[in-house]
Amino acid sequence: MALLTGSRSVGAGAAGTDTGAGTAGGGEDSAGRRRGRIGYLLILPGFIFMLLFFVLPVFSLLATSLYVKPEGADVGQFAPALEFGNYAVVLQNYWPAIVRSFGFALIATVAALVIGYPMAYLVAVRLREHKLLKGILLVLIIAPFFTSFILRTQAWKQILADEGPVVGVLRAVSLLPDDGRLTATAFAVICGLTYNFLPFMALPIYASLERMDMRLIEAGGDLYASPLETFRRITFPLSLPGGHGGHPADLHPGHRRLCECGPAGQQPEHHHDWAGHRFEVLPGGGLPGSVRPVLPAHAGHPVPGPAVRAPLRNQRTDVRDSMQQTIGRWLIPVTAGLAFLFLLVPIGYVFAFSFNDAGRTNLTWRGFTLANWQNPCGAPEVCASLANSLQIGAVSTVLATALGTAIAVGLVRYRFRFSATANMLIFLPLATPEVVLGASLLAQFLNLGAELGKGTLIIAHTMFCISFVVVTVKARVASLDPKLEEAAADLYASPLQAFWRVTFPLLLPGVMAAALLAFAMSFDDFIITNFNSGSVDTFPKFIYVAATRGIPAQANVIGSAMFIVSLLVVIGGQMISHRRAKVLAAR
């Protein structure tokens, strides 16, 4: 009886196990569907907004570009059609300007890469352990956004003017003829494009370098590679999206021998312990770079013996390597310093001319005065336009940060269909020219009969700021350990409680950085604003209009004050975070 009962119990247990397995499988499917629904709910508000104010306006503009003008119709009247010949007409009439624009854009892109890479490398790699200085320099990269785009462009125009310091120096050293000039030339246009888009180049490179495993760089040095060789073979390929590392034997002439020669002529070893870390040689030269960290070795593990050490190099090679070491050590700091100087010179020019006793125009230095700072609202409409920019920037930043953060969390933490399409939609506004965005939104608002003003500007600014927020917050979400949320769930926290008690506090630095960037982009925008502002003047629009008759010195005061205040606020936050990290480390 007991045996029968036990057999029945075993059978019941087995049946229970099968049933439990089926239940568990169904529970996992149900949990997966529930998580998918949560992801949809997170991204839905932001994507509805993007659909209404990005996708539909752009497609409407595309459709309008195929319209035709009927004979005898008034100006601005078109009839729906599919006239693809409109594009042929545009190319035929404007191909020189189109080719010139693409050429300038290509040169400016290469120049921004050359100038921005040392900045990003210095901040992300060389100063990785110096958190405070790293934070300050990172702030300096985005700080120009807080000084109006028009003010900075006007500053470059004055710096490169015929009577300016740059032309004077170039003429003095005979690099420019006596009647030569820089303004209204291709050089000036490329210089301005490079300058204004330099932060957009440096920030993504910084994000890529920040996530790189520093042990790969250390391995390059352990394999007798100079800093220049390590940068060329490891760092630079890994920092390029989709880039592939070089062949393992390309690091150093002795590296091939190190990889191919084992003790007593045996077959090559595939794992080596150097400098307290274990590395695996990748025979195919795949990512990442030349070597890959595998497992930490025991502390104090001996370096490779003479049988696997590279042969002695002659004196000439030692001199060459010493020069490479010196150049590699100082090349990045010097070039990064020059890049930061290039970034900050126009801002310094704006600040200096805020003390100019300018009179009607602020184009030439007339004398030092504090009157402009004592009465920053002395010029008509300057403070009213500033108030409009602050109000529009604050509201659009709150909306863009809320919608963008939800999208970022949904895209990173939840799996659902069309996630690739969603990611592409987020990046499209970043790749769309501002003229297209502004014109398409204007057509949308006119078709809806909306009155242009602060409301339309808030919608427009929110639309293009969402993408910047998503890109910034996504990087922060991806760096968080999902096990923390799982631990909260194990402690009986609901998903909402886990988010507010665990996830959101960890996301807060990234959210604040995204909000700061969104506000800077909104405050500094001119092109989209000019299309959709109506009679409302923002600070950049006021400066653009004032430039035709001379920008007042009070505009320099406000631009300089915004730069200083934003810089102090962010640096203060960095110092507080640095101090808090030191306190936590001491505990």
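In the block above lies the structure referred to throughout.
About the cut-offs
Residues numbered from 1 in each chain as written. Predicted model: local features only at pLDDT ≥ 70, side-chain atom pairs only at ≥ 80, totals over all residues. Heavy atoms only, no water. Helix = DSSP H or I, 4+ residues; strand = E, 2+ residues; numbered from the N terminus. Buried < 20%, exposed > 50% of the residue type's maximum accessible area, 1.4 Å probe, protein only. Areas by Shrake-Rupley, 256 points an atom, 1.4 Å probe, with all protein chains shown as cover. Contact = heavy atoms within 4.5 Å. Phe/Tyr/Trp six-rings, centres within 6.5 Å; stacked < 30°, edge-to-face > 60°. Core = buried A, V, L, I, M, F, W, Y, C linked by side-chain atoms within 4.5 Å. Salt bridge = Lys/Arg side-chain N within 4 Å of Asp/Glu carboxyl O. Patch = residues over 30% accessible without salt bridge, like charges linked within 9 Å, V, L, I, M, F, W, Y side chains within 5 Å. Disulfide = S-S within 2.5 Å. Axes fitted to C-alpha atoms, helices over the stretch in contact; angles between N-to-C directions. Nonpolar A, V, L, I, M, F, W, Y, C, P; charged D, E, K, R; others polar. Expected span 1.5 Å × (residues − 1). Parallel < 35°, antiparallel > 145°, perpendicular 65-115°, else oblique. Left-handed = near helix turned anticlockwise from the far one by under 90°.

On to the overall build of the chain, then. For the chain, the count of helices and strands is 20 helices and three strands. Split into buried and exposed, the 587 residues of the chain put 40% on the buried side. With an accessible surface of roughly 32,200 Å², the chain has 66% of that area assigned to carbon and sulfur atoms.

What follows covers the environment of Ala336. Residue placement: Ala336 occurs in helix H10 (residues 315-353). For Ala336, a relative accessible area of 0% translates into the label buried. Linking Ala336 and Ile115, residues 221 residues apart in sequence, is a C-alpha distance of 7.6 Å. The contacts of Ala336, once residues within four sequence positions are left out, are Pro118, Met119 and Leu122.

In the structure shown here, the tally under the stated rule is 17 aromatic pairs. Ring centres 5.7 Å apart and planes at 70 degrees place the aromatic pair Trp156 and Tyr195 in the edge-to-face group. Highlighted residues: Trp156 in helix H4 (residues 149-159) and Tyr195 in helix H6 (residues 186-210), separated in sequence by 39 residues. For Trp156, a relative accessible area of 11% translates into the label buried. Between Phe355 and Phe368 the ring centres are 5.3 Å apart and the planes differ by 15 degrees, which places this aromatic pair in the stacked class. Residue Phe355 is located in the loop between H10 and helix H11 (371-374), and its partner Phe368 is located in the loop between H10 and H11; the two are separated by 13 residues in the primary sequence. Looking at Phe355, the relative accessible area reads 15%, which means it is buried. Among the aromatic residues, ring-to-ring pairing joins Phe351, Phe355, Phe368 and Trp373 into one connected group.

So, on to the environment of Met50. With respect to the secondary-structure elements, Met50 resides in helix H1 (residues 2-64). For the pair Met50 and Ile466, spaced 416 residues apart in sequence, the C-alpha to C-alpha distance is 8.6 Å.

Let's shift gears to the nonpolar core. Core analysis: the biggest nonpolar cluster contains 107 residues, and Leu209, Ile407, Met463, Ile466, Phe539 and Ile543 have the highest contact counts within it. Among residues more than four places away in sequence, those in contact with Ile407 are Leu42, Ile43, Gly46, Phe47, Ile426, Ile466 and Val470.

This part takes up unusual backbone geometry. If you check the backbone angles, Ser174 has positive phi at about 65 degrees while not being a glycine. Looking at where Ser174 falls in the secondary structure, it is placed in the loop between helix H5 (165-172) and H6.

With respect to the helices and strands, the residue Ala219 is situated in helix H7 (residues 214-222). We classify Ala219 as buried; its relative accessible area is 1%. Along the chain, Ala219 and Thr230 lie 11 residues apart, while their C-alpha atoms are 8.8 Å from each other.

Scanning all chains against the criterion turns up three salt bridges. Across the pair Asp162 and Arg181 runs a salt bridge, and its minimum N-O distance is 3.5 Å. Of the two residues, Asp162 is situated in the loop between H4 and H5 and Arg181 in the loop between H5 and H6; the sequence distance between them amounts to 19 residues. A residue is classified by how much of its surface remains accessible, and Asp162, at 30% relative accessible area, is partly exposed. Between Lys541 and Asp537 there is a salt bridge; the shortest N-O distance is 3.9 Å. Residue classification places Lys541 among the buried residues on the basis of a relative accessible area of 10%.

Looking now at a nonpolar patch on the surface. Taken together, the side chains of Leu44, Ile48, Leu51, Leu52 and Leu56 define a hydrophobic patch exposed on the protein surface, amounting to about 410 Å² of accessible area. Tracing the backbone shows Leu52 in helix H1.

To continue, consider the side chain of Ser385. Inspection of the secondary structure puts Ser385 in helix H12 (residues 382-413). If near-sequence neighbours (up to four positions away) are discounted, Ser385 is found in contact with Asp537, Thr538, Phe539 and Phe542.

Okay, the state of the cysteines next. Counted under the stated rule, the structure contains one disulfide. Covalently, Cys377 is tied to Cys383 through a disulfide, its sulfur atoms 1.8 Å apart. A torsion of -85 degrees about the S-S bond marks the disulfide between Cys377 and Cys383 as left-handed. In this structure Cys377 comes out as partly exposed when scored by relative accessible area, which is 42%.

With that settled, the discussion passes to the packing of H4 against helix H19 (residues 539-547). Relative orientation of the contacting elements H4 and H19 amounts to 35 degrees, with a least axis distance of 8 Å. Contact residues: Ile150, Leu151 and Gln154 in H4; Phe539, Pro540, Ile543, Tyr544 and Ala547 in H19. When the residues that make up the contact of H4 with H19 are grouped by side-chain class, the tally is seven nonpolar, one polar and no charged.

All right, on to the side chain of Ser396 then. In this structure, Ser396 sits in helix H12. Among the residues examined, Ser396 registers a relative accessible area of 0% and is labelled buried. Those residues within four positions of Ser396 in sequence are excluded, and the remaining contacts are Ile458, His461, Thr462 and Ser522.

As a further point, take helix H14 (residues 434-448). Here H14 is 15 residues long and its end C-alpha atoms lie 21 Å apart, about the 21 Å a rise of 1.5 Å per residue gives. All of the buried residues along H14 are Leu437, Gly438, Ser440, Leu441, Gln444 and Phe445.

Glancing now at the packing of helix H2 (residues 85-126) against helix H3 (residues 131-142). One way to put it is that H2 packs onto H3 with a least axis distance of 9 Å and a crossing angle of 155 degrees. Classified by the angle between their axes, H2 and H3 sit roughly antiparallel to one another. Handedness of the crossing formed by H2 with H3: left-handed. Taking contact as the criterion, the partners of Met119, Leu122 and Val123 in H2 are, on H3, Lys134, Leu137, Leu138 and Ile141. Of the residues assigned to the contact of H2 with H3, the class counts are six nonpolar, no polar and one charged.

These values are about where atoms sit, not about what they do.
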